[in-house]
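A structural walkthrough
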Amino acid sequence: MSGVSLSFSHSTVGPWQQLGWSPKLPGPSSSSLSFVVEAKSRTRREDRAARHTRIRKKVEGTPERPRLCVFRSNKHLYVQVIDDTKMHTLAAASTMQKSIFEGFDYSSGPTIEVAKKVGQVIAQSCLEKGISKVAFDRGGYPYHGRVEAIANAAREHGLQF
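**Some remarks on the overall build of the protein chain**
Broken down by element type, the protein chain carries 5 helices and 4 strands. In the protein chain, the succession of helices and strands from N to C terminus is α-α-β-β-β-α-α-β-α. Burial analysis of the protein chain (161 residues in total) assigns 32% to the buried set. Across the protein chain, the fraction of contacts at a sequence separation of at least 24, relative to all contacts at a separation of at least 6, is 56%. When the accessible surface of the protein chain is split by element, carbon and sulfur atoms take 53% of a total near 11,400 Å².

Next comes the structure, spelled out in C-alpha cells:
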C-alpha cells in the first residue's frame, strides 16, 4: 500500500455544463445545488368541490326521482329538490325562511336541531307536490352532523331515499 494513492475529489463541472448550458435554480447563486419542492396545497373548498363532482357523476335527478341537494355554509343550510333533466328546482328550504329561523335562536350558525327542522320542511314541501322518492346528494360534505340530521328528518317525515 505504500505506492498507491487514492483520490476522491470530484470535478465541479456537471454534464449539463459540458453541453454548454446550466440549470436555472432558485436562490442567490447557481453554484449551490438546492432544490425547492413544494406540495400542491388545496383548500377545503376545492376538496369539497372535487368530492361533489365525483358524487354528481353517480347521482342524477329525474322527474320520477329528483335529487335532494344540500349546501352548507357557515351561517345557513340550503336544501333543494332538483329535476336535472329539465334543470328545474321543484322544492327548496333553507334557514333563511321565516318559518325556520323564527323558532330557533342561533347566532353562531345552524345546529343539528335547525337541520332537523329544515329536513322536516323540505319533506313536507315535497309531499305536497307529490314527490315521495328522492336521490340524496350530500354535496361533497361528510354524511355526519347537520347533513345527516337533514337526511334523517326528511326520512322520518315521509321521503324515501
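**Digging into the layout of surface pockets**
Roughly 390 Å³ of internal volume is contained in the largest pocket. Forming the walls of the largest pocket are Arg44, Arg45, Asp47, Arg48, Arg51, Phe71, Arg72, Ser73, Asn74, Tyr141, Pro142 and Arg146. Listing elements by their share of the lining of the largest pocket, those giving two or more residues are helix 2 (44-58) and strand 1 (67-72). Per-class residue counts for the lining of the largest pocket are 3 nonpolar, 2 polar and 7 charged.

**Some thoughts on the nonpolar core**
Core analysis: the biggest nonpolar cluster contains 26 residues, and Leu68, Val70, Val79, Val81, Ile122, Cys126 and Leu159 have the highest contact counts within it. Mapped onto this core, the elements with two or more residues apiece are strand 1, strand 2 (77-83), strand 3 (88-94), helix 4 (112-128) and helix 5 (146-156). If one sorts the elements of this core by residue count, helix 4 sits on top with 7 residues. Sequence-distant contacts of valine 70, that is, excluding residues within four places in its chain, are made with Tyr78, Val79, Phe136, Asp137, Arg138, Gly139, Tyr141, Val147 and Ile150.

**Let's talk about helix 5**
Three or four residues apart is the spacing at which side chains of an α-helix point the same way, because the helix has 3.6 residues per turn. What helix 5 keeps buried is the set Val147, Ala149, Ile150, Ala151, Ala153 and Ala154. At its buried positions, helix 5 is contacted by strand 1, strand 2, helix 4 and strand 4 (135-137). At the C-terminal side of helix 5, glycine 158 shows a positive phi close to 115°.

**A closer look at helix 4**
Taking 1.5 Å as the rise per residue, helix 4 with 17 residues should run 24 Å; its terminal C-alpha atoms sit 24 Å apart, in good agreement. Taken together, the buried positions of helix 4 are occupied by Val114, Ala115, Val118, Gly119, Val121, Ile122, Ala123, Ser125 and Cys126. Packing partners of the buried residues in helix 4 comprise strand 1, strand 2, strand 3, helix 3 (98-101) and helix 5.

**A short note on the sheet that holds strand 1**
Pairing is mixed in the open sheet, where 4 strands are placed in the order 3-2-1-4. Of all the strands in the sheet, the pair left with one neighbour each is strand 3 and strand 4. Strand after strand, the sheet turns through a mean of 20° between neighbouring axes, direction not considered. Where strand 2 and strand 3 come together, 6 bridges link them in antiparallel fashion.

**Details of the packing of helix 4 against helix 5**
Direction vectors running N to C along helix 4 and helix 5 enclose 35°, while the axes themselves pass 7 Å from each other. The hand of the helix 4/helix 5 crossing is right-handed. Contact with helix 4, carried on its side by Ile112, Ala115, Lys116, Gly119, Gln120, Ile122 and Ala123, involves Arg146, Ala149, Ile150, Ala153 and Ala154 of helix 5 and no other residues of that element. The residue makeup of the contact of helix 4 with helix 5, split by class, is 8 nonpolar, 2 polar and 2 charged.

**Considering the pairing of strand 1**
Successive side chains on a regular strand alternate, one facing one side of the sheet and the next facing the other. Relative to strand 2, strand 1 is paired through 6 bridges, and the arrangement is antiparallel. Within strand 2, the position partnered with leucine 68 by the bridge is valine 81. Here strand 1 folds back onto strand 2, and the loop between the two strands holds 4 residues. Where strand 1 and strand 4 come together, 3 bridges link them in parallel fashion. Directly across from leucine 68, in strand 4, lies its bridge partner phenylalanine 136.

Criteria and cut-off values
Residues numbered from 1 in each chain as written. Predicted model: local features only at pLDDT ≥ 70, side-chain atom pairs only at ≥ 80, totals over all residues. Heavy atoms only, no water. Helix = DSSP H or I, 4+ residues; strand = E, 2+ residues; numbered from the N terminus. Buried < 20%, exposed > 50% of the residue type's maximum accessible area, 1.4 Å probe, protein only. Contact = heavy atoms within 4.5 Å. Areas by Shrake-Rupley, 256 points an atom, 1.4 Å probe, with all protein chains shown as cover. 1 Å grid on protein atoms, 1.4 Å probe; cavity = no way out; pocket = protein on both sides within 12 Å on 5 of 7 lines; lining within 4 Å. Points joined across faces, edges and corners; volume = space filled by probe spheres on them. Nonpolar A, V, L, I, M, F, W, Y, C, P; charged D, E, K, R; others polar. Core = buried A, V, L, I, M, F, W, Y, C linked by side-chain atoms within 4.5 Å. Expected span 1.5 Å × (residues − 1). Pairing = 2+ DSSP bridges. Axes fitted to C-alpha atoms, helices over the stretch in contact; angles between N-to-C directions. Left-handed = near helix turned anticlockwise from the far one by under 90°.

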